[in-house]
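Structural features, examined
Here's the letter readout for the chains.
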Amino acid sequence: MKNSIYYKILIGYIIFATLSLTLINTVISYKVMDMETARQATELSSQADSVSSYCIKNNYYTNNPANNSANNSANSSSDNSIYDYQKDMSRIPLTQDITLWVTGPANTILYSSFPEENPEKLPDFSQYFKNTYYAVGNFFGQTEEEWLTVYSPIEKDGQNYGYIMLNKPMPVVKNSHTRIMNMINVTFIIMFAISMIILVIFSVCVYKPLTKIMTASKEYAMGNYEYEGLKIHSQDEMKILADSLTFMSSAFQNLYAAQKKFIANISHDFRSPLTSIKGYVEAMLDGTIPLEAQEKYLNIVLSETERLNKLTGSLLTLNSFDANGTMLELTDFDFLIIAKNTIASFEGQCNAKNIKIRLNHENSAYMVHADQMKIQQVIYNLIDNAIKFSRNDSEIIINVYNKNGKVFVAVKDFGVGISSENQLKIWERFYKVDDSRGKDKKGTGLGLAIVKEIITAHNENINVISTEGVGTQFVFSLLKGKG
């Protein structure tokens, strides 16, 4: 489970959520606090500028002799200014969490909307604000809680008359920051929940089918090719992969069955002649077969040895096809010359059964582009097969003709024929028609398999037409050559 993809993705999701929430509530929270403080400071600064403009507009300072004379007492100046501010500042609309101060040039508070919250002494503004229009703090310990403070100078005709200062408690600013962070956290949680839904969908649509495929592959690897637990109903790549795996298992099952059949057949075909050889040799050694009769049985041993040699050669030929993909040495040659030479090699067998081989052709030469030695092997195997299953005193007809830009060859016998259910099986290795097994014990069941491999390697086709009791005809095509 710990090594599964699903487990790793789940752990990855949890780590991602943890790191994301940590990042949101540390770095992002810090940035949001800075941005929210700056935003509210900008709003306060705009309000402070409006109040400052209001004071200048109503000529509070220019119409007040106490403020125009540098020799006036501080008390007289303060009294006249406070009277004006108390009279009009209360009319300025401010939210209840904002404190308004009007200060003089000496940083004294001339008016306060909440006098009970005033600090005893204001610091030097140049040190407190440090060239910014807002600051966060408690006036160097003069107030109990931190405030967000902005200021706007009251200036006219180049003369400074004081400052408008607006203060907002930092807990109020932090409450706004908290609301924003709550929205961000809730949004992230919702997005993470949606991503978990995607993970669930991934589990149903990808992970579960994948586990089925993994289980099936293990069963197939253990040789359980009949495992039926791989059933995927989706129409996607997983379905294609599952179908491919099922097809592969079916192919392995057929291959395994073919392998068992191959071993059984080859064991049978090797055991029969070896048993005969062993029996005759032992009989000659222990004197059961008299000396004058040994020549007869030695010829039988020789015949069985030739049969084994032929079987071994056929197996090596088929193995070379499988291993090398049937490498061909393509040349242009006259098919009739190859056919005539091959027919001549069967003279003894034909005479023994009084069989005549007739080669029919219209042209004097039929040039083909193919592997000469392998095509000669095809002709040899087809004629050998035809003689084997032909009746005595019959004939074999080989027709060669041109059609559709190719050379066609038909080898026809008038023998026992092949049933319709056996015609598709004759190309299988070691397959022997049941009717022939008793009549011909020398067949290896590999001749037609070799023929099929060679013709297929030439990208051509070979077909069989047969009727039981009438005869069989094999027809194959070859590419025309030059000449």
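1. Details of the confidence of the model for the chain
Of all residues in the chain, 85% attain a pLDDT of 70 or more, and the chain-wide mean is 81. Segment residues 63–83: pLDDT under 50, and 19 contacts once partners within four positions in sequence are set aside and those in other chains are kept. A low-confidence stretch, residues 434–441 stays under pLDDT 50, and its non-local contacts, those more than four residues away or across chains, total seven contacts.

2. Side note on the sheet that holds strand E1 (residues 99–103)
Think of a sheet as strands paired side by side through backbone hydrogen bonds, with each pair either parallel or antiparallel. What the five strands build is an open sheet, ordered E2-E1-E5-E4-E3; its pairing is antiparallel. With partners counted over all chains shown, the strands left at the sheet margins are strand E2 (109–112) and strand E3 (134–137), one partner each. In this sheet, adjacent strand axes meet at a mean angle of 25 degrees when their direction is disregarded. Pairing of E1 with E2 involves three bridges; the strand directions are antiparallel. Paired with Trp101 across the bridge in E2 is Ser112. Sheet contacts for helix H5 (residues 170–221): E3, strand E4 (147–156) and strand E5 (159–169); angle to E5, the most-contacted strand, approximately 55 degrees.

3. Quick look at helix H1 (residues 5–57)
With 53 residues, H1 extends 73 Å between its outermost C-alpha atoms, agreeing within 8% with the 78 Å of an ideal straight helix rising 1.5 Å per residue. By the largest-angle criterion, Ser29 marks the main kink of H1, which is about 40 degrees.

4. Regarding a negative patch on the surface
Taken together, Glu116, Glu117, Glu144 and Glu145 make up a surface patch of like negative charges. Relative to the helices and strands, Glu144 resides in the loop between E3 and E4. Since its relative accessible area comes to 88%, Glu144 is described here as exposed.

5. A closer look at the side chain of His458
By secondary structure assignment, the location of His458 is in the loop between helix H12 (447–457) and strand E11 (462–467). When neighbours within four sequence positions are excluded, His458 is seen to be in contact with Leu328, Leu330, Ala370, Asp371 and Ile375.

6. Some points on the environment of Ile109
Position of Ile109 relative to the elements: it lies in strand E2. Ile109 sits in the partly exposed class, given a relative accessible area of 25%. Setting aside chain neighbours within four positions, we find Ile109 in contact with Trp101, Val102, Thr103, Asn118, Pro119 and Leu122.

7. Examining the sheet that holds strand E10 (residues 406–413)
Reading across from one edge, E7-E9-E10-E12-E11 is the order of the five strands in this open sheet, with mixed pairing throughout. Since the sheet does not close on itself, it has two edges, and those belong to strand E7 (356–361) and E11, each with one partner. Strand after strand, the sheet turns through a mean of 15 degrees between neighbouring axes, direction not considered. As paired strands, E11 and strand E12 (residues 471–479) are joined by six bridges and run antiparallel to one another. In the sheet register, Ile462 faces E12, and the bridge partner there is Phe476. Across the sheet, helix H8 (residues 335–344) touches E7, strand E9 (395–403), E10 and E12, and the angle it forms with E7 is around 175 degrees. Across the sheet, helix H10 (residues 372–389) touches E7, E9, E10 and E12, and the angle it forms with E12 is around 175 degrees.

Definitions and cut-offs
Residues numbered from 1 in each chain as written. Predicted model: local features only at pLDDT ≥ 70, side-chain atom pairs only at ≥ 80, totals over all residues. Heavy atoms only, no water. pLDDT = per-residue confidence, 0-100. Contact = heavy atoms within 4.5 Å. Pairing = 2+ DSSP bridges. Helix = DSSP H or I, 4+ residues; strand = E, 2+ residues; numbered from the N terminus. Axes fitted to C-alpha atoms, helices over the stretch in contact; angles between N-to-C directions. Expected span 1.5 Å × (residues − 1). Bend = angle between axes of the 7 residues up to and from the residue. Patch = residues over 30% accessible without salt bridge, like charges linked within 9 Å, V, L, I, M, F, W, Y side chains within 5 Å. Areas by Shrake-Rupley, 256 points an atom, 1.4 Å probe, with all protein chains shown as cover. Salt bridge = Lys/Arg side-chain N within 4 Å of Asp/Glu carboxyl O. Lys, Arg positive; Asp, Glu negative; His and termini not counted. Charge placed at Lys NZ, Arg CZ, Asp CG, Glu CD. Buried < 20%, exposed > 50% of the residue type's maximum accessible area, 1.4 Å probe, protein only.

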